[in-house]
Structures are given as C-alpha cells and as structure tokens.
Amino acid sequence: MINVEEVIIEDFRGIRKLILKFNGKNFAVCGPNGTGKSGVVDALEFGLTGNISRLSGSGTGSVSVRAHAPHVDSRDNPEKAKVTLILSIPSLGDKKVTVERSVANPYMPLITPATPDVLKIFKELENHPEFVLSRRELIAYILAQPGKRSEEIQALLRLDQIGELRGNLKTISNTCNKEFVACKKISMEIRDHLARALEIAELKTNLLLKAVNERRVLLGLDPIKTLESTTSLHDGLKTGSEKSSPSKINKMQLAVDLKNLQELITKFTTVDMIKECGDLYDQLKVLSADPAVVDSVSRETFLRTAISFIAEEACPVCGTEWDIDTLKALVEVKLKKFEDVTKTRLRLEKELEPIISRIEELNESMGILEKYIKILKPEYIVGFSTYRNNLSLRIKDIKSFLPLTKTLSSLRDINDVPKVVIDTIDSLETALAKIPEPTKLEAARDYLILCQDRLETYREASRKAKRTEAHALLAQSVYDIYTEESNKVLEEVYKQVEEEFGHFYQLINSDDESAFSAKLTPSMGKLGFDVEFYGRGHFPPGAYHSEGHQDGMGLCLYLSLMRRLQGSNFNFAVLDDVLMSVDTGHRREVCALLKKHFPNTQFVLTTHDEVWLKHMISAGLIKSTNFVRFSNWTPDQGPTEWSSRDIWTEINTALQKNDVRDAASILRNYLEYISKEICHNLRAPVEFKGDGRYELGDVLPSAVKQFRNILLKGAESAESWGRPAEATTIKDREQRVAAALQNSNADQWQINPAIHYNEWANLTSSDFGPVSQSFHDLIQNFICEEEKCGGLYYLTFVSPKEFDSLQCMCGKTNISLKKQNNKK
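Criteria and thresholds
- Residues numbered from 1 in each chain as written.
- Predicted model: local features only at pLDDT ≥ 70, side-chain atom pairs only at ≥ 80, totals over all residues.
- Heavy atoms only, no water.
- Helix = DSSP H or I, 4+ residues; strand = E, 2+ residues; numbered from the N terminus.
- Buried < 20%, exposed > 50% of the residue type's maximum accessible area, 1.4 Å probe, protein only.
- Contact = heavy atoms within 4.5 Å.
- Areas by Shrake-Rupley, 256 points an atom, 1.4 Å probe, with all protein chains shown as cover.
- Expected span 1.5 Å × (residues − 1).
- pLDDT = per-residue confidence, 0-100.
- Polar contact = N/O pair within 3.5 Å; in protein donor to acceptor, adjacent residues only side chain to side chain.
- Phe/Tyr/Trp six-rings, centres within 6.5 Å; stacked < 30°, edge-to-face > 60°.
- Pairing = 2+ DSSP bridges.
- Axes fitted to C-alpha atoms, helices over the stretch in contact; angles between N-to-C directions.
- Salt bridge = Lys/Arg side-chain N within 4 Å of Asp/Glu carboxyl O.
- Core = buried A, V, L, I, M, F, W, Y, C linked by side-chain atoms within 4.5 Å.
- Parallel < 35°, antiparallel > 145°, perpendicular 65-115°, else oblique.
- Nonpolar A, V, L, I, M, F, W, Y, C, P; charged D, E, K, R; others polar.

Colleague: Would you take a moment to explain the overall build of the protein for this structure?
Modeller: The helix and strand inventory of the protein stands at 27 helices and 17 strands. Out of the 824 residues belonging to the protein, those deemed buried represent 46%. Residue pairs in contact within the protein that sit at least 24 positions apart in sequence constitute 66% of those at least 6 positions apart. When the accessible surface of the protein is totalled, it reaches about 41,500 Å², and 52% of it is carbon and sulfur.

Colleague: What's the story with helix 14 (residues 381-400) in this structure? I'm lost.
Modeller: For an α-helix, 3.6 residues make a turn, and residues three or four places apart therefore share a direction. Look at helix 14: 29 Å from first C-alpha to last across 20 residues, which is about the 28 Å you get at 1.5 Å a residue. Among the residues of helix 14, Ile381, Phe384, Ser385, Tyr387, Leu391, Arg394, Ile395 and Ile398 are the ones counted as buried. Phe401 occupies a position one or two residues after helix 14 and carries a positive phi of about 70 degrees.

Colleague: Looking at this model, I keep getting lost on the confidence of the model for the protein. Mind explaining?
Modeller: Predicted coordinates in regions of low pLDDT should not be interpreted in detail. Residues with a pLDDT of 70 or more make up 83% of the protein, whose mean pLDDT is 82. Across residues 239-247 the pLDDT falls below 50, and counting only partners more than four positions away or on other chains, this stretch makes 12 contacts in the model. Below a pLDDT of 50 lies the segment residues 749-755, which in the model reaches 14 contacts outside its immediate sequence neighbourhood of four places, other chains included.

Colleague: Explanation requested: the side chain of Ser744 in the structure shown.
Modeller: As for its position among the elements, Ser744 is in helix 25 (residues 724-744). By relative accessible area, Ser744 is classed as buried at 4%. At a separation of 2.9 Å, a polar atom in the side chain of Ser744 contacts the main-chain carbonyl oxygen of Leu741.

Colleague: I keep staring at the packing of aromatic side chains and nothing clicks. Help me out?
Modeller: Aromatic rings considered in pairs are described by the distance between their centres and by the relative angle of their planes. Under the criterion given, the structure shown has 15 aromatic pairs. Each ring, one from Tyr505 and one from Phe516, has its centre 4.1 Å from the other, and the planes form 45 degrees; the classification is tilted. Residue Tyr505 is found in helix 17 (residues 440-508), and its partner Phe516 is found in the loop between helix 17 and strand 8 (518-523); the two are separated by 11 residues along the sequence. We note that Tyr505, like Phe516, is buried. Taken together, a centroid distance of 6.3 Å and an interplanar angle of 85 degrees make the contact between Phe598 and Phe603 edge-to-face.

Colleague: Could you clarify how one ought to interpret the sheet that holds strand 2 (residues 15-21) in this entry?
Modeller: Sheets are built from strands that pair by backbone hydrogen bonding, the pairs being arranged parallel or antiparallel. An order of 2-1-4-5-6 is seen for the 5 strands of this open sheet, with the pairing classed as antiparallel. Edge strands, defined here as strands with exactly one partner in the open sheet, are strand 2 and strand 6 (105-112). Here the average twist between neighbouring strands, direction ignored, is 15 degrees. As paired strands, strand 1 (residues 3-12) and strand 4 (residues 82-89) are joined by 7 bridges and run antiparallel to one another. Of the residues in strand 4, the one forming a bridge with Ile8 is Thr84. Sheet contacts for helix 1 (residues 37-49): strand 1, strand 2, strand 4, strand 5 (95-102) and strand 6; angle to strand 1, the most-contacted strand, approximately 105 degrees. Sitting on the sheet, helix 3 (residues 116-127) is in contact with strand 4, strand 5 and strand 6, with an inclination near 55 degrees to strand 5.

Colleague: Honestly, the pattern of salt bridges in this entry has me stumped. Any pointers?
Modeller: Note on pairing: side chains with opposite charge can pair once their charged atoms come close. Applying the stated criterion across every chain, the model contains 30 salt bridges. In this structure, the salt-bridge partner of Asp423 is Lys419, at a minimum N-O distance of 2.7 Å. Of this pair, Asp423 and Lys419 are both found in helix 16 (residues 419-434), 4 residues apart, which corresponds to roughly one turn of the helix. Its relative accessible area of 26% is what places Asp423 among the partly exposed residues. One salt-bridge network, in which partners are shared between bridges, spans Asp11, Arg16 and Asp73.

Colleague: Could you clarify how one ought to interpret the nonpolar core in this entry?
Modeller: Soluble globular proteins tend to pack their nonpolar side chains together in the buried interior. Membership of the largest hydrophobic core comes to 98 residues, with the highest contact counts inside it found for Phe501, Leu559, Leu575, Phe603, Met616, Phe768 and Leu806. Per element, the largest residue contribution to this core is 12 residues, and it comes from helix 23 (residues 660-682). Counting residues in hydrophobic clusters, the runner-up holds 42 residues, among them Val4, Val7, Leu18 and Leu87.

Colleague: Please explain the sheet that holds strand 15 (residues 794-799) as it appears in this structure.
Modeller: Strand order across the open sheet formed by 3 strands is 15-16-17, with antiparallel pairing between neighbours. Sheet topology places strand 15 and strand 17 (814-816) at the edges, where each strand pairs with a single neighbour. The average angle at which neighbouring strand axes cross in this sheet is 30 degrees, direction not considered. Where strand 16 (residues 802-807) and strand 17 come together, 3 bridges link them in antiparallel fashion. By the bridge assignment for strand 17, Ser805 is matched with Ser816.

Colleague: Mind showing me how you'd approach the packing of helix 22 (residues 647-656) against helix 27 (residues 765-779) here?
Modeller: Where helix 22 contacts helix 27, the axes come no closer than 10 Å and their chain directions differ by 175 degrees. Regarding the angle of helix 22 to helix 27, the classification is roughly antiparallel. Counted together, Trp648, Ile651 and Leu655 of helix 22 and Ser765, Phe768, Gly769, Ser772, Phe775 and His776 of helix 27 form the full contact between these two elements. Residue classes in the contact of helix 22 with helix 27 are distributed as 5 nonpolar, 4 polar and no charged.

Here's what the structure looks like:
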C-alpha cells in the first residue's frame, strides 16, 4: 500500500527532533529499553492514521493521544507535536506523497498531493491500521479465548461484519422467539376464557359448534355447519328473531367470570400450593441470611443487567469511553466468579415461575370482576382493588428477585386471601341471584354475543401468535443459514491461512518441527486454534510450546493473515519487538522468511537486542546503512542516535584521517562478528569454548575452509548430474576464495604476528589499506552480489547431518550438494 522514504518527528512522545531516512527499504531501530524505539513506532502509526494504539483502547484509563502524544515539555502546546512522512505508493507507480499531521488536529492531516487516489489509501490506513504489530497484539492471536481470537482475526481480515451480523441476527431471533412465547401464552389464556364462556370443557370445533348451534336453533337461526376463520357465531341474529338490546349486566357472563375467580382462589389456597410457596420462602430466607451470598447475587445480577445495556463505546453506568468488546469481556470475566450463585438464582427463579403464573391469573381474573363490582357493589371496590394492587406489586417484586428482602416480603403469606375479597365475592353471588333470569331466547342471544366477542379476541390473539411464530421461525432459519454459509466461507479462508501459517512456521523451525501443522476451526462466532506438538497430537499453543515458539507462531499467523488480506498490497509493516523471546538459533530463519517470502514488503523492526540486529544485517534483511541505534535517552534531548554507515566506507574514512587504530578496531570487530555468522550459516566446525569467547583466529579460517569444501562438493554434484560447465564455474569460484584467502594471509593467522590485529595499530594508513581491502575481497565471497539481496550464503538440509544445497536469499545462488544416486 505504502512505503516510507523518510520520517521527521518533532516534539512527539519522548522525541525532540529526529529525522530517519528509510529510503523505502527495511529499517531497524535498536536500543535498550527506554531509549525511544517505541516513539518511532508511535510516530509512524500516528502519521499514517492519526491514532496511537498504545494510548487508546482497554487499560489506558485517562491516557489519550491529545493529552499524552506531545513531548512532556510540549504538553500544553499540542500543535508543536507533529510527524511528517515522505512516502511512496507502489500501487500508484511509486508516487511520492508527503503527509504532515499535528496532535492538535490529528484527523486533519496536510497531505500533498491530496488527490482522490491518495486520499483513498489514507482512508484505508485509518480504518485498518494493522500494519503496526506489537508483541502484545501478536501474542493475543495465539493465546486469546476462541471468541476473542475470532473477533481479532476477523477484524484483521476485514471480516468483522460477519461476526457483527451474526450477533445481530441472533438478537433478532431471540427477540422474535421471546415475542412468540409471550403471544402464545396470551393466546392460550384467551382460549381458556372462550372455553369458559362457551361452557365447554375443551375448545374443540365439534364441541363449540354443538354448544353454539343449540342456541342458534333456539333463536330460529340456521346451524353453523363449518367453522371458518370468518364465521360469525351470531350471524343472522338481528333478522332471525326479535329481541331487546342486551342488559347492562350480562348475568351469564358474570356467572362465568365469578366462577372462574372462585376456582382460581381455591387452587391458590390448596395445601399443596401453600407448601410450595412456603418451601421457596424458606430457601430464599436461608439465601438472604448470608450477607456474602446476598452481595454476590446482587453483583451478579447487576453485571448481567449491565452487559445487556452495553451497546455503545462507553460504560452504561458511568459513561467512561471503552472499547465495547473489551468492556464486555471484562464483565464476562467477573460473571464467571459468580457461577455457583448464578446456578442457585436460576434454579429458584425457575421454581418461582409457576407461582408467578398462578398469581398473574388470579390478578387478571380479579381485574375482570372489578367492572361488575363498580356497578353492583361499589362499597366493596376500594378494599377489593387495594388487594389487587398489592398483588400486582408482589408479582413485580417476585419477578425482580432482588432485593431478596422484597421478594421474601412479597412471598410471605402470599396464599392468604383477605376477608374483603371473600366478602366481595359473596356479595356478588347475592347480587347475581337477584338479577332476573333471562328468558331462554335472551340467554341464547347473550350467549352468542358474548362468545362471538371472545371468539374474535381469540382469533386476533391466535393470528398474532401465528405471525410471531412465523417471524421466530424465519429469524431462526435466517440465522441458521447465515451461520452455516458464513462458516463455510470462513472455513475456506481459515484453511488458506492455516496452510500458509503452517508453512511459514516450518520454515523458521525446520530443525525441530519440520512436520508441524495447525488447525483453525471456526464455530458459532468462535475460532479454535490448535497446533501439532512433535507428533503427539494437536493442542492449544499455550499448552506445551515455549514462549519463543508462541512468538514465532504469532508472527507467522500475522503474516499469513496480512497476505490473505492485502495480497500484493502488503507493502509496509511495523514489527515492534515482536520476537523478543525467539532464541538466537531461529532468528536467522525469521530473517530468511521475511526476506524471501515478502520481498516487496518494507519492514520496520524494533529490538533491544544487538545480536538480533546483527542477524538482520548479516541475513541481508536490513542493509548495513539502514538502521539507527539508540544508546541513551533524556527528557531534554530525547534519544541519543548512532546510525550505521557502510563498514568499509567507515574504515576508509578513518584511514583518510590517518586513524589506523580506529580503522583496525572497526575491522577487527566486524570480522569477528561476520565470521561467526558465516560459521553458523555454513555449519563450520569450530573448537568449542565454554566461555563462548571466540577470536577471529578461531572462526575465520574454519569459515573459509568449510566454504571451500562446500564448493568442491557442489562441483562434484554438478559433475555427477552431467553438468560440466556448472562444475567448472563452481571450481573457479572455489579458486577465487583460495586466492582471496592467501592474499589476506588469514590462513597464516596463528603463525604470522605481522598480520594479527594486535599489530594492526602499529601499521601506517598505507600499510593497513591493503590489509582492509584483502579482507573486504575475502568476505565478499560469502555475500550474494545482487544488490537487492546482499545476504550471506547459507546451507539447507535434508537432515541435520546431510546438506542439501548452498543458497542465498534471493535464489540467484542455488548450488546442489546432492550427487546422482548411481554416482559415488
């Protein structure tokens, strides 16, 4: 997407003023902890996106970009804190772009040129700043919970909308199902009311028609043969018989409703019902007696309520800004502490449900009778309605469950029906008896009118229940289909990532895990991740693999994901100390992976390890002129910079100043370092030293001898395959190495004091110049001559003891060391 040519950092984080020239190539920032490396990373991220990851998100509290991105001495002048980037954009023909961004206006950068194609790329970077990877983020991919890993990886792959949509569809499905259950319950209650009005034991079509037709025949109406959805039970009533308007009080309806209330009170005051309520009361009383348990129940309920209200990027209680996923995860962790309390609460709430239903039925039935009481016995309405209101409050308290004191109070003596209610019912019975009995025709007419009214109510409730059921089934079906299809897509994506991840990991661990494989398994918004462990099966990465291996896995997974995400546009990545725990033996392989498989990606790497930096340079991942070393940091000056120059140019510069001692010191240190790297790459045998201190005479002769032997084996291999021209070229190469060795006198290291580095400082510039040049010519034989490569040659293996080939990073050199099978 972009390459960085140059970065200018001013009064930003711990940096006062710093200019780094990346030249569009890989770049390293090295230095001890606390010397300013992360400031460079923050500057790159801020310059490209306007944000700094480490100053936002979970765990940052009151820390913010605006308040804390400026240098501490410029905290009151955020306009002074700015980052300027000079970029090239490969997808636009390496178009040069300058972006200047100030902390005072982080989302209003000055971009030149601000053409639509350039602005589009910056918009992409702002929306998906995955180019910056810290070890904290890297290891999260490996050790995260399956649900969190799925969210992180889907966000990285820009598939996060899949998870969001799945969650939304599940919410819709749950809502529809909840609505259906409620409507179905109401429909069943109305069905019971209709059956009571019809005076039949069960609402069946044949029983309904029989009861209705008896009245219709009595009224001289035609019987109804088939009950349709539009059938009217009193169809033809106005013309079929002569009748007066119905009385103010329908005696039959009152009788039905009064009988229903009496039956409900009887059921509510049975011995079994009283015992059931008493048992639950006792259990709740025991629960409430322990303050710790009460506190736990209260906290658990509070947290569960809070998590249901988390819908914005802020805490629903205090309004503090939070990352919504992080906040939910924190609440879920706290909820796990109350698992036992949760089980108890859920059990008790389940056992309270039938009691709540009985109370609600009683309350509803009393509400129906209130209209009769107001007309027939108004003197009873106050006492009757007071009890009913009290019953409503008790239902609310018991449903809420908390506080337990209110639940206990509402459940206590719940089965005691006050005398005023009994008296009211008795008085209604008396009033009912005084209402003149309707004639058979009037009774039949009132029956049909009442039943038709309740039938219409039931029909509407049934239609609503069917609609909500259809909605619930449709929502569930949509959710199931979407989940199935999205899982298929994700499985295919993860399969591709899985294969490449395993391949990358094999490359950096070829010495001990060449048969490594991994399994990424998506399921219901989660992503399982298991890796093979030395042929013993697949396990979570944190189960048996070391921290260093986990770091390697994190990098390999990130690289495979970024390749899947951006493809050829994966041109820039910042790796912030992501391989701090990878052992020395595997760092060269990491360099080889980055250099060989991501040749078009500009990597900016930070490390506090000098050896790691040397590995990057010797492998050709970082040019010897493309790194900065911070040795110290102060608030006033910022990081103290030491930039590398070309080693041979540095030596020649010292010689031009007639400073042989400095030139000799530089050459000595470099030769010792590069010789050790060559010995490692070529597996040259070196005499073991327990203190690990190897001087140049210990390593350089062995390196040269091993290289010559390898070249001779390569020539023999070429001859065995019938390629004499190639064999001759390799032999000539071996002769050049021999000549360079002789010219440097390195093979005489131990017997010729004149060329030992202890004597170098006594030479003049004119004497030492040829010495430096001879070693330059010798060392160049071990380095690929391609400018884009510049890495040391290395061996590949068939097995730990059998060499396969001599190669360079770019592939220009690839000398096979395997002879044809029938050639000895």
